[in-house]
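# Observations on the model geometry
Letter by letter, the chains look like this.
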Amino acid sequence: MRRLLASLLLVAGCLASGSEPVSERRAAVGEPANGFPSALERLGLMAINRARSDPETVAGPQSTSYPPRPPVIWSSVLNQSARFHSISLETSDVTLMHPSPCTLNTDVFTSGCTGDPSCACASPVPTACAACADVPSTTTCGTDPFVRIGYFTSGSGVSATGEVAAAGYGDPIAVVNGWMDEAAGSDGHRKILTDQGTTANTMGYGHASGANCYKTFDVGDSGNLKNAVIPKIPTAAVSPASGAAGTFTFYSTWADPTLGAPASIDVVVDGNCSALSLELGTDKLNATYKGTATLAAGCHNYFILARDASGTAETYPTTGAITIAVGSSTCSSDYLATAPTASCAADGGVVAGTGGSGTGTGGTPGTGGTPGTGGRGTGGTTGTGGAGGKTTSGTGGTTGTGGAATGGVTGTGTDGGGSTTTGGTTGPGGAKAADGGGCSCDVGTNSLPSTSAGLLLLSLLFLLRRAPEPRRVRRR
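Bear in mind the structure is a predicted one, so any value in this text is a computation, not a measurement. (Residues numbered from 1 in each chain as written. Predicted model: local features only at pLDDT ≥ 70, side-chain atom pairs only at ≥ 80, totals over all residues. Heavy atoms only, no water.)

Once that is clear, we can look at the pattern of salt bridges. Inspection of every chain in the model, using the stated rule, returns ten salt bridges. E279 is the salt-bridge partner of R50, the closest N and O atoms lying 2.9 Å from each other. Placement of the pair is R50 in helix α1 (residues 39-53) and E279 in strand β10 (residues 277-282), with a sequence separation of 229 residues. E279 matches R50 in its accessibility class, with the two residues each being buried. One salt bridge connects R148 with E163, and the closest N-O pair in it is separated by 2.8 Å. Of this pair, R148 sits in helix α4 (residues 145-153) while E163 sits in strand β3 (residues 158-167); the two residues are 15 residues apart in sequence, bridging distant segments of the chain. (Salt bridge = Lys/Arg side-chain N within 4 Å of Asp/Glu carboxyl O. Helix = DSSP H or I, 4+ residues; strand = E, 2+ residues; numbered from the N terminus. Buried < 20%, exposed > 50% of the residue type's maximum accessible area, 1.4 Å probe, protein only.)

A few words now on the side chain of S92. Structurally, the position occupied by S92 is in the loop between α2 (76-91) and α3 (117-120). A polar contact is formed between the side chain of S92 and the backbone oxygen of S88, at a distance of 2.7 Å. Contacts of S92, omitting those with residues within four sequence positions, involve P101, P117 and V125. (Polar contact = N/O pair within 3.5 Å; in protein donor to acceptor, adjacent residues only side chain to side chain. Contact = heavy atoms within 4.5 Å.)

Looking now at the side chain of D283. Looking at the element boundaries, D283 is found in the loop between β10 and β11 (286-295). When residues no more than four places from it in sequence are discounted, the contact partners of D283 are W254, A255, D256, G260, A261, P262 and Y289.

Below, the discussion takes up the environment of A263. Structurally, the position occupied by A263 is in the loop between β7 (246-254) and β8 (264-269). Through-space distance from the C-alpha of A263 to that of S310 is 7.8 Å; in sequence the pair is 47 residues apart.

Let us now look at the sheet that holds strand β6 (residues 236-239). Read from one edge to the other, the open sheet built from four strands follows the order β6-β7-β11-β10, with strand pairing classed as antiparallel. Each edge of the open sheet is held by one strand with a lone partner, namely β6 and β10. Pairs of neighbouring strands in the sheet enclose a mean axial angle of 20 degrees, with direction left out of account. Sitting on the sheet, α1 touches β6, β7, β10 and β11, and the angle it makes with β11 is about 135 degrees. (Pairing = 2+ DSSP bridges. Axes fitted to C-alpha atoms, helices over the stretch in contact; angles between N-to-C directions.)

In terms of nonpolar packing, the biggest core is built from 23 residues, with F250, Y302, I304 and I324 touching the most fellow members. For this core, the secondary-structure elements that each account for two or more residues are β6, β7, β8, β11, β12 (298-307) and β14 (321-326). Looking at this core element by element, the count peaks at four residues for β11. Excluding its chain neighbours within four sequence positions, the residues that come into contact with Y302 are R42, A236, A237, V238, F250, V267, V268, V269, A321, I322 and I324. Counting 20 residues, the second largest nonpolar core, distinct from the first, contains A47, W179, I192 and M203. (Core = buried A, V, L, I, M, F, W, Y, C linked by side-chain atoms within 4.5 Å.)

Our next topic: the packing of α1 against helix α5 (residues 172-180). Between α1 and α5, the least distance of the axes is 8 Å, while the angle of their chain directions is 35 degrees. Read as a crossing pair, α1 and α5 show a hand that is right-handed. Side by side, α1 and α5 meet where L40, L43, G44, A47, I48, R50 and A51 of the first sit next to P172, I173, V176, N177, W179 and M180 of the second. (Left-handed = near helix turned anticlockwise from the far one by under 90°.)

Turning next to the state of the cysteines. Counting across every chain of the model gives six disulfides. Sulfur-sulfur distance for the disulfide between C102 and C121 comes to 2.0 Å. Taking the sign of the S-S torsion, -85 degrees for the link of C102 and C121, the bridge is left-handed. Taken together, the residues C102 in the loop between α2 and α3 and C121 in the loop between α3 and α4 connect sequence positions 19 residues apart. The pair C102 / C121 is uniform in exposure class, with both members buried. Each sulfur of the disulfide joining C129 and C141 lies 1.9 Å from the other. Between C129 and C141 the sulfur-sulfur dihedral comes to about -95 degrees; the bridge is accordingly left-handed. A residue pair is termed long-range when its members are at least 10 positions apart, and C129 in the loop between α3 and α4 and C141 in the loop between α3 and α4 qualify at twelve residues. Note on C141: relative accessible area 7%, which makes it buried. (Disulfide = S-S within 2.5 Å.)

Applying the stated criterion across every chain, the model contains five aromatic pairs. The interplanar angle of 55 degrees and the centroid separation of 5.3 Å between the aromatic rings of F84 and F152 together place this pair among those described as tilted. Taken together, the residues F84 in helix α2 and F152 in helix α4 connect sequence positions 68 residues apart. A connected cluster of aromatic rings, assembled from ring pairs, spans F84, F109 and F152. Stacked on the ring of F36, the Lys or Arg R83 has its end atom at 3.8 Å from the ring centre. (Phe/Tyr/Trp six-rings, centres within 6.5 Å; stacked < 30°, edge-to-face > 60°. Lys NZ or Arg CZ within 6 Å of the ring centre and 35° of its normal.)

For the rest of this paragraph, the subject is unusual backbone geometry. Residue F36 is joined to P37 through a cis peptide bond whose omega torsion reads -10 degrees. Structurally, the position occupied by P37 is in the loop between β1 (9-11) and α1. Following S239, the chain continues to P240 via a peptide bond in cis, the omega torsion being -5 degrees. On the secondary structure map, P240 appears in the loop between β6 and β7. Of note in this structure, D270 is not a glycine but carries a positive phi near 55 degrees. The residue D270 is located in the loop between β8 and β9 (272-275) in this model.

If you want it as structure tokens, here you go:
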């Protein structure tokens, strides 16, 4: 059974739910930059938006029902902060915790440090925290999490609101299902991801793998970007992110508050279109679309192509296509700057025929369905893309038991910075479970007054757990 362990940091003076204006769209969406996000990190953020689209479905049998929330957009600086912490935990040979395992150098962001102690630490990892020691998840081994996030977000316009973390899970969808599958009264992760008492419009997901205390660490750092607008396709990803030849599942978020459902939405794999169908959510707030394709070994590419109800084309990424490595293939890049022509339609351009003939206006005339390269053909017959079938969602994994915890830590500051003061004590952070299961923890902000009593009551609400089961520390 997976053992889930929650902890909570409460930051005073943060935004109340829905108080952040959303009014400015970023120029481009989805193009990776300098290796961020990785394929697994892209899938993790997509899984979070999927959970936000229908928390009633992405839940456990004892979970509280929360309303759907708008999707979040990807943040480069939060992605870098989350990955840094994941790598820091893995390479420092420690268990799951929110503070850094050591006191960090203040230039970890500008120096390009990956999170390895050799460049991250101003002083060594304390002996009491090393070698998979069973320490609290909010221990003071090193730098406070919101100070660390602040090193990455300073000057970016992003203010940090929370962090969720997990260790030992197999893939990002399992991680997010674990965060969402929590019982009422002890659902800190679920509340943070669905904006209960806090709000976020941007997020970064970080992943690291290795062979120390846990095989994997996954971290989600959330925040608010001032004047950010949610594009119609804010996230999309493929599951598995790579793997053996076979069936791959493609996901896309769709949100169009004005027009609602798209006229069409396809995944374009190597130029071939496959229709996606609605899985979860509602189109005006946050909908998850889903479809599958069978891929042989090799390097493939994909992008999402949709048309809104007015016929305007939307793509993810805005330009180019994402690369998928299938089988043992090693691909030269994770991204194609120029996407291949889509068989179903490119904006203002090509329509593929199936046996039709006619004179092209801007395209190539002929028979057999040859597409034009400049505009739609007139007099020819266009092909059809095929109808997608509806699917139903699965349920998340079963939440295991963790350690009891009370109290919390408070902090103040903007852009993720600030000092901290102790508001209580926390339960154990959790060492590696003997059965190879995962564990997770969360930190977040709230909109309550920053009084000790208020913070303590909310901490108890988030943190109430059953007594921990016996466990052994074991390297995996």
